Amino acid sequence: MPSQTPKLILVHEPEKACFDRLVADGHAPERAAEIASYLAQSTDLAHEFDALAAACQARGLSFVPVALDDAASVLAGEGRDTTLVWTLTDGIAYFHGGAAPALARLGGLKTIGADDALFALCQDKFRSGAVLGALGLPVPQAGLARDGKWLVEPPASPAGWFVKPNRLGAKIGIWPDSRTSDLGHALELSRRVFAAYRDDVVVQPYVAGRNVRASFLGLVPGAAIEALGVAFVDSGADFQTMADSLALYGDTGEAAKAAGHYAEPELVAVADSQPAADARIRAIAERLMSGLGLRDVFSIDLRVEADDSVHLIEFEVCPGLPCFDFRAYCRQQWGLELADAMAETAASRLVGQNHHL
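What counts, and where the lines are drawn
Residues numbered from 1 in each chain as written. Predicted model: local features only at pLDDT ≥ 70, side-chain atom pairs only at ≥ 80, totals over all residues. Heavy atoms only, no water. Core = buried A, V, L, I, M, F, W, Y, C linked by side-chain atoms within 4.5 Å. Buried < 20%, exposed > 50% of the residue type's maximum accessible area, 1.4 Å probe, protein only. Helix = DSSP H or I, 4+ residues; strand = E, 2+ residues; numbered from the N terminus. Contact = heavy atoms within 4.5 Å. Disulfide = S-S within 2.5 Å. Pairing = 2+ DSSP bridges. 1 Å grid on protein atoms, 1.4 Å probe; cavity = no way out; pocket = protein on both sides within 12 Å on 5 of 7 lines; lining within 4 Å. Points joined across faces, edges and corners; volume = space filled by probe spheres on them. Nonpolar A, V, L, I, M, F, W, Y, C, P; charged D, E, K, R; others polar.

(A) Quick peek at the nonpolar core. Counting 65 residues, the largest nonpolar core has Trp86, Leu217, Leu228, Ile281, Leu302 and Val317 as its most contacted members. Counting residues per element, this core draws most heavily on helix H15 (residues 338–350), at eight residues. Aside from chain neighbours lying at most four places away, what touches tryptophan 86 is Leu8, Ile9, Leu10, Val11, Ile112, Leu217, Val297, Leu321, Met342 and Thr345. Counting 23 residues, the second largest nonpolar core, distinct from the first, contains Ile35, Ala145, Val163 and Ala196.

Below is the structure:
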């Protein structure tokens, strides 16, 4: 019996499927569209499925994109030794991508990325912050509020506070007034977020500095911290809002580009101007890999001050692969465009080949 061709299965949650589910659950269509925009990387990457298939074929693999709603039935019929599952989106609350690595584990299939426990943890900022703090990492201590009431009061902060939804990403529920010096306004923001999205808010002491994105793709098994890309993300503003995010990604991003409203942030290597901060960020990433279990593909958001102080804000087990920053990372770190970088990563796990190094 001929051996089966190794296969990369990319599980993705389409925006429309998420939107329809949210509307059926009683969310207002406008709010459901904002929430579903978190899944814009599924929309964006779909344009490159043909390129991914070709890149995989060149490396002796087949490529199968699978919508999340079909994942259970598709994965149930796959072979353990010849199938690699790559989950494009996380989620346990509004988004359900976290089910995919659990289904893969149930079937004994190989996966790219962290284990499914972290897919749940990273989408709850308050809980993940508590875990990161327990690991001794420099994460701002957070309060938690729901619909105008404190569940956990935030610490005092002379610089004020930053307020954001607890379980939503892609800057959803972050507005120009999300930084505040008034805890009364923080509670008002919690009412606004609850009314719009039924979510709690985390209220963290505001930390100064520039925004940093650290990106990682283990093109080969065992790739270590030297493969981490660490860059300032300079957008011309202190922080990005939901409106900024909507203008960058997915169908709304395409409309923004067509209307001339697209402004891609500038990426600048942290090591070029603040090598001590770069070293600290790499040490944080090593701790996340060894202590928390991040592996294969992830990103970390941080703030870096002029004196090299580093604040860990959050991590992602499903970074926005088709986003400008991850594409730039693949080109700079690995000399590959996104489709080839993904195919190369899969080939190194499935067939033990590496065509790039």
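(B) Structural view of the state of the cysteines. For the structure shown, the criterion picks out zero disulfides. Here cysteine 56 stays free of any disulfide, with the sulfur of cysteine 330 as its closest cysteine sulfur at 14 Å. Under the relative-accessibility criterion, cysteine 56 is labelled buried at 0%. Note on cysteine 330: no disulfide assigned, nearest cysteine sulfur contributed by cysteine 323 at a separation of 11 Å. Its relative accessible area of 0% is what places cysteine 330 among the buried residues.

(C) Here's a closer look at the sheet that holds strand E7 (residues 161–165). Ordered by their spatial adjacency, five strands build an open sheet running E6-E5-E9-E7-E8, and the pairing between neighbours is antiparallel. Lying at the two open borders of the sheet, with one neighbouring strand each, are strand E6 (149–152) and strand E8 (179–180). With three bridges connecting them, strand E5 (residues 143–146) and strand E9 (residues 201–205) associate as antiparallel partners. Bridging across to E9, glycine 143 finds its partner in valine 203.

(D) Molecular detail of the layout of surface pockets. By volume, the largest pocket amounts to about 300 Å³. Of all the secondary-structure elements, those providing two or more residues to the lining of the largest pocket are strand E10 (210–217), strand E11 (229–234), strand E12 (266–269), helix H12 (270–273), helix H13 (275–292) and helix H14 (324–334). The element that contributes the greatest number of residues to the lining of the largest pocket is H14, accounting for five residues. Class assignment of the residues belonging to the lining of the largest pocket gives a composition of eleven nonpolar, four polar and five charged.

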